[in-house]
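Chain and residue survey
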Amino acid sequence: MKTSLFALLALCLSAVVHMPLQAHEFWIAPVTAPLTVGSTARLKLLVGEQFTGELVGWSKPQTAQLRLISKAGVKDISSQVPGTAVADLPITLSAAGVHLVAFESQSHFISLSADSFHAYLHEEGLDFIKARREAQGTAQKPGRERYRRFVKTLLDVGEPAAAGAAPVAQASAVDATHASRVGQQLELIPLANPFRLPAGNALAVQVLFEGQPLAGALLKAWYKTDGQSPSGQLLTIRATTGADGIATVNLPYAGPWMVSVVHMVAAVNVKDTEWDSLWGNLSFVLPGN
C-alpha cells in the first residue's frame, strides 16, 4: 500500500511539471471541517483544472518555503515537510483566530508549442506576452518558461467548547491575519476577512507583484460544492485588477472558494528559457448567511 501511494504521489508531482495546460491550477484544499484550538488541520495540495484536482504529495524537493501566520506572528514550518512525499500535512493550531498558510514552490521548466503557449496566454489574460513575441519575431517558436507557485489558504480557528456544551462557533475576534503580506513574489491579499463575509457579498482582493500593486491582472474566483454549484455548473467569476492592483468579485454561495491569478515577465539570465511565469492562489471557505 505504501509503495502504491508513493507511486501515485510521484505521478502527480510529474503532472505538476509536465501538464500546465491540462492541469494547471495548483492549490491547498480549503479545510471545511470546524477547527478549534489544539486541533490539527490536515492540508492537502491539489493540481487540476475547473477546481477539480488530483492529490499532490508534500515533499521537500518541491517546497521552497512554507509558513504559518497568525496573531502570534510568522512561523516557518518548512522543516515539517518530509523528504519523501506524503498525502497530507498535519498542522497543529495552538491559538484562536485566523491562520494563514503560505506555500512557495521550487521552480519548474517547460516548453510548449507556439499554438499551445498562445492559447494558455489568452486563457490567463496574458495576451500582452503574445504581442511581445510577435514584436520580437518569435511568435512561431515554442514558448519556454520557468514557473513557480505561490499558494495560500486561510483557516478559521475557534475556542474549544466547554464540557457538555454545544459546539462552539468559529472565533469571532477581529484580526487582520487574512490580509497579511508575506512577501511572496506574486501575492493575493483578501482585503476583508472571508470568514466574516456572508455569502452574497463581494470580496476585494489585491494582487501584488514583487510587493507592488499589479494592474491589469486577470483574477478568477472558482466555486464548486459536491462537484457542482447549486446552478448545476461550475462557477468561475473573472475580474481585472485596477491601477491599485485590486479586483472585486461577488461570492454568491457559501462553501469552498479558490481565487487564482497568473503573471508573466521576461526571464533574465536563464538558459533556454524566455519567460518567468508566476502562479498565485488563495483558498478559503465562505460561511453561510
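Provided above is the structure to which this section pertains.
As defined by bridge partners, strand 12 (residues 186-190) adjoins strand 13 (residues 201-209) across 5 bridges and the pair is classed as antiparallel. Residue pairing in the sheet places L186 in a bridge with F209 of strand 13. Sheet topology places strand 13 next to strand 17 (residues 246-251); 6 bridges connect them, and they run antiparallel. When the sheet's bridge partners are listed, Q206 is paired in strand 17 with I246. Here 2 bridges tie strand 13 to strand 14 (residues 212-213), and the two strands are oriented antiparallel to one another. Bridging across to strand 14, L208 finds its partner in P213.

Position of S39 among the secondary structure elements: in the loop between strand 2 (35-36) and strand 3 (40-43). On the basis of relative accessibility, which here comes to 18%, the residue S39 falls in the buried class. In this structure the side chain of S39 is engaged in a polar contact, spanning 2.5 Å, whose partner is the backbone oxygen of T36.

This part is about the sheet that holds strand 1 (residues 25-28). The antiparallel open sheet is built from 3 strands, whose spatial order is 1-4-5. Looking at which strands have only one partner, the edges of the open sheet turn out to be strand 1 and strand 5 (52-56). If you compare each strand with its neighbour and ignore which way they point, the axes differ by 35° on average. Strand direction decides the pairing type here: strand 1 and strand 4 (residues 45-49), joined by 4 bridges, are antiparallel. Its bridge partner lying in strand 4, E25 is registered against G48.

Going through the model one piece at a time under the given rule, you end up with 12 salt bridges. Residue K44 pairs with D88 through a salt bridge whose shortest N-O separation is 3.1 Å. With K44 in the loop between strand 3 and strand 4 and D88 in the loop between strand 7 (73-76) and strand 8 (89-92), the pair connects residues that are 44 residues apart, well separated along the chain. In this structure D88 comes out as buried when scored by relative accessible area, which is 18%. A salt bridge links R238 to E123, with the shortest nitrogen-to-oxygen separation between them at 3.6 Å. With R238 in strand 16 (residues 235-240) and E123 in helix 2 (residues 114-123), this pair connects stretches of sequence that are 115 residues apart. Put simply, E123, E124, K220 and R238 are held in one network by salt bridges that share partners.

Attention shifts here to the pairing of strand 4. Most of strand 4 is tucked away: 4 of the 5 residues are buried. Here strand 4 runs beside strand 5; their pairing, made up of 5 bridges, is antiparallel. The partner of G48 across the bridge, within strand 5, is G53. Taking the residues that link successive antiparallel strands as the turn, the strand 4-strand 5 hairpin has 2 residues, and the phi of Q50 there is positive, at about 55°.

Along the chain, the position of L45 falls in strand 4. Sequence-distant contacts of L45, defined by excluding residues within four places in its chain, comprise F26, W27, I28, E54, L55, V56, W58, Q62 and F103.

One pass over the structure, following the stated rule, counts 7 aromatic pairs. Seen in terms of ring centroids, W27 and F51 are 5.6 Å apart; in terms of plane orientation they differ by 65°. Their pairing is edge-to-face. Here W27 is found in strand 1, whereas its partner F51 is found in the loop between strand 4 and strand 5, with 24 residues between them in sequence. You can call W27 buried: its relative accessible area is 1%. Its relative accessible area of 11% is what places F51 among the buried residues. Taken together, the ring pairs in this structure connect F26, W58 and F103 into an aromatic cluster. One residue, R149, lies across the ring of W279, its end atom 4.8 Å from the ring centre.

The rules behind each value
- Residues numbered from 1 in each chain as written.
- Predicted model: local features only at pLDDT ≥ 70, side-chain atom pairs only at ≥ 80, totals over all residues.
- Heavy atoms only, no water.
- Pairing = 2+ DSSP bridges.
- Helix = DSSP H or I, 4+ residues; strand = E, 2+ residues; numbered from the N terminus.
- Buried < 20%, exposed > 50% of the residue type's maximum accessible area, 1.4 Å probe, protein only.
- Polar contact = N/O pair within 3.5 Å; in protein donor to acceptor, adjacent residues only side chain to side chain.
- Axes fitted to C-alpha atoms, helices over the stretch in contact; angles between N-to-C directions.
- Salt bridge = Lys/Arg side-chain N within 4 Å of Asp/Glu carboxyl O.
- Contact = heavy atoms within 4.5 Å.
- Phe/Tyr/Trp six-rings, centres within 6.5 Å; stacked < 30°, edge-to-face > 60°.
- Lys NZ or Arg CZ within 6 Å of the ring centre and 35° of its normal.

By themselves, these are just geometric observations and shouldn't be taken as functional.
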